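# An overview of the molecular structure
Spelled out from the first residue to the last, the chains are:
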Amino acid sequence: MSERDETNHRFGTRAIHAGQEPEPATGAIMPPIFQTSTYVQAGLGDHKGYEYARVQNPTREALERNVAALEGGTHGIAFSSGLAAIEAVVKLLSAGDHVVSEENTYGGTHRMFTKVLARLGVEFTFVDSRDPEQIRDAMRPETRLVHLETPTNPMMRLCDLEAAVEIAHEREALLCVDNTFASPYNQRPLQLGADIAVHSSTKYLNGHSDIIGGIAVVNDDALAEDLRFVRKSSGGVPGPMDCWLCLRGTKTLHLRMEAHNRNGEAVARFLQEHPAVEETHYPGLPSHPQHELATRQMTGFTGMVAVEMGSGERARGLVEGTRIFALAESLGGVESLIGVPALMTHASVPPERRAVLGVTDGLVRLSVGVEDPDDLLEDLDRALASL
Ligand code: P1T
């Protein structure tokens, strides 16, 4: 992965500066929150490029330029949520088109594909993309999109993106990667050849658990145009205040991700050694079956850890026993969260599919925050001791 962009700036500098110029009227160093729905025109058709805020908003555009620079892309298209971003990607397709999707995505993504978009005539085949040959085998003449998530939510499975790019492009399908779990600090799918990187910016990009947002990043002008057209036509835009908060978040992405990576690894190592834990899923551990791929494709392994506790009762004991780790959905904020995917984020996935994926009632997912790591380990140790 190239460390610098065309401005010759490295990641941390881009995080703070990319896409933002001092505001021209006053010199304000921070992009203003353009809290407006419309823009006054001097005469019919005589305007400054801003007509209506579903279509254009300067605060949103600053965020889009910033995240595009972090992903190594040329265009960012921001949405009202991560699911709205993924939905817009599928809305590039038509009824009768086919999508090959990783089977272990966020539960809400699977629900949207199977319960909403499939009803509209788009067909989906779900595969285990740890084996890229499964993607190849599922491709049909009408396959227009391969949708991957790596690492996956919550099993922390990986897909070899370079292999997937080759397979998708051989058949002229778009490759979209949900990069939410890794964040662009740790993994940049576009630089590995993917066509679209999508995020729930609710998570690491914003980083402070105070907005819902999504974004798609691409390198291709025509693809960006198509996604903007879908957004303009469908309407899933984020508000300016949320864009501003997210932009404030991305300024510290590199600092936060260093701490998440460090704390995630410390927690994973601790849990792996703990006798009360049956199995620990974390791509940064040498015992992870895809650790070699992780070190090739990622530069850090995030704060996301999943552990198998052996039963629903033991999982409940752990998630209800911690004091610093808060029992809650979501992830990627500075504060540590803990939950049981089978009852929370993946409750919408049918039980038989959950069983195939390993999303058991005993699986606990941790979003390790950036608190003092010793306090986090003590919190887990205390909760595990009480089981
Ligand atoms: O919640 P929203 O911003 O719409 O993003 C959906 C989404 C998309 N992709 C991934 C990988 C996700 O994890 C999510 C949302 N996930 C949770 C809320 C969660 O707790 O896992």
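Residues numbered from 1 in each chain as written. Predicted model: local features only at pLDDT ≥ 70, side-chain atom pairs only at ≥ 80, totals over all residues. Heavy atoms only, no water.

Take the layout of surface pockets next. Its boundaries defined by the atoms lining it, the largest pocket holds a volume of some 360 Å³. Lining the largest pocket we find 22 residues, and of these Leu83, Tyr106, Ser200, Thr202 and Lys203 sit closest to its centre. For the lining of the largest pocket, the secondary structure elements donating two or more residues are helix H3 (82-90), helix H4 (107-117) and strand E6 (196-200). The element that contributes the greatest number of residues to the lining of the largest pocket is H3, accounting for three residues. Looking at side-chain class alone, the lining of the largest pocket contains six nonpolar, 10 polar and six charged residues. Taken domain by domain, the makeup of the lining of the largest pocket includes at least three residues from each of domain 1 (3-250) and domain 2 (253-385). (1 Å grid on protein atoms, 1.4 Å probe; cavity = no way out; pocket = protein on both sides within 12 Å on 5 of 7 lines; lining within 4 Å. Points joined across faces, edges and corners; volume = space filled by probe spheres on them. Helix = DSSP H or I, 4+ residues; strand = E, 2+ residues; numbered from the N terminus. Nonpolar A, V, L, I, M, F, W, Y, C, P; charged D, E, K, R; others polar. Domains from an automatic or database assignment.)

Considering every residue of the chain, the mean pLDDT works out to 97; 99% of them sit at 70 or more. Ranking the helices and strands of the chain by mean pLDDT puts E6 first, with 99, and helix H13 (residues 351-357) last, with 95. (pLDDT = per-residue confidence, 0-100.)

Now for helix H14 (residues 373-385). Residues lying three or four places apart along an α-helix face the same way, a consequence of the helix completing one turn every 3.6 residues. An ideal rise of 1.5 Å per residue puts 18 Å on 13 residues; H14 measures up with 18 Å between its terminal C-alpha atoms. For H14, the set of buried residues is Leu376, Asp379, Leu380, Ala383 and Leu384. One face of H14 carries all of its buried residues, which in axial projection span an arc of 125°. Next to the buried residues of H14 lie helix H10 (253-273), helix H12 (312-321) and strand E12 (363-367). The residue sitting at the N-terminus of H14 and contributing the capping side-chain oxygen is Asp372; that oxygen lies 2.9 Å from the backbone nitrogen of Asp374. (Expected span 1.5 Å × (residues − 1). Buried < 20%, exposed > 50% of the residue type's maximum accessible area, 1.4 Å probe, protein only. Arc of directions from axis to C-beta. Contact = heavy atoms within 4.5 Å. Polar contact = N/O pair within 3.5 Å; in protein donor to acceptor, adjacent residues only side chain to side chain.)

Side chains of Asp372, Asp374, Asp375, Glu378 and Asp381 sit close together on the surface and give a patch of like negative charge. With respect to the helices and strands, the residue Asp374 is situated in helix H14. (Patch = residues over 30% accessible without salt bridge, like charges linked within 9 Å, V, L, I, M, F, W, Y side chains within 5 Å. Areas by Shrake-Rupley, 256 points an atom, 1.4 Å probe, with all protein chains shown as cover. Salt bridge = Lys/Arg side-chain N within 4 Å of Asp/Glu carboxyl O. Lys, Arg positive; Asp, Glu negative; His and termini not counted. Charge placed at Lys NZ, Arg CZ, Asp CG, Glu CD.)

Within the structure shown, the criterion is met by four aromatic pairs. Pairing Phe11 with Tyr185 gives two aromatic rings, centres 5.2 Å apart and planes at 70°, and the pair type is edge-to-face. Here Tyr185 lies in helix H7 (residues 183-186) and Phe11 lies in helix H1 (residues 11-17), a separation of 174 residues in the sequence. What makes Phe11 buried here is its relative accessible area of 3%. Tyr185 gets classed as buried once you look at its relative accessible area, which sits at 18%. Ring geometry for Phe113 and Phe124: centres 4.6 Å apart, planes at 15°, overall stacked. (Phe/Tyr/Trp six-rings, centres within 6.5 Å; stacked < 30°, edge-to-face > 60°.)

Take the side chain of Asp195 next. Within the fold, Asp195 resides in the loop between H7 and E6. Arg144 provides the closest opposite charge to the buried, salt-bridge-free Asp195, at an N-O distance of 10 Å. Among the polar contacts made by the side chain of Asp195, one reaches the side chain of His169 at a distance of 2.7 Å. One polar contact links the side chain of Asp195 to the main-chain amide nitrogen of Leu175, over a distance of 2.8 Å. Here Asp195 is in contact with His169, Ala173, Leu174, Leu175, Leu190, Val217, Val218, Asn219 and Leu223, once residues within four sequence places are set aside.

Assigned domains within the chain: domain 1 (3-250) and domain 2 (253-385). The distance between the C-alpha centroids of domain 1 and domain 2 comes to 25 Å. In this assembly, 46 residues from domain 1 lie in contact with 41 residues from domain 2. Approximately 3500 Å² of surface area, both sides summed, lies buried where domain 1 meets domain 2, with 58% of it carried by carbon and sulfur atoms. Our enumeration of links across domain 1 and domain 2 arrives at two salt bridges. In this assembly, domain 1 and domain 2 are joined by 22 residue pairs in polar contact (both at pLDDT 80 or more). At the level of secondary structure, the elements contributing two or more residues to the side of domain 1 that touches domain 2 comprise H1, H4, helix H6 (161-170), H7 and helix H9 (240-250). (Buried area = accessible area lost by both parts, 1.4 Å probe.)

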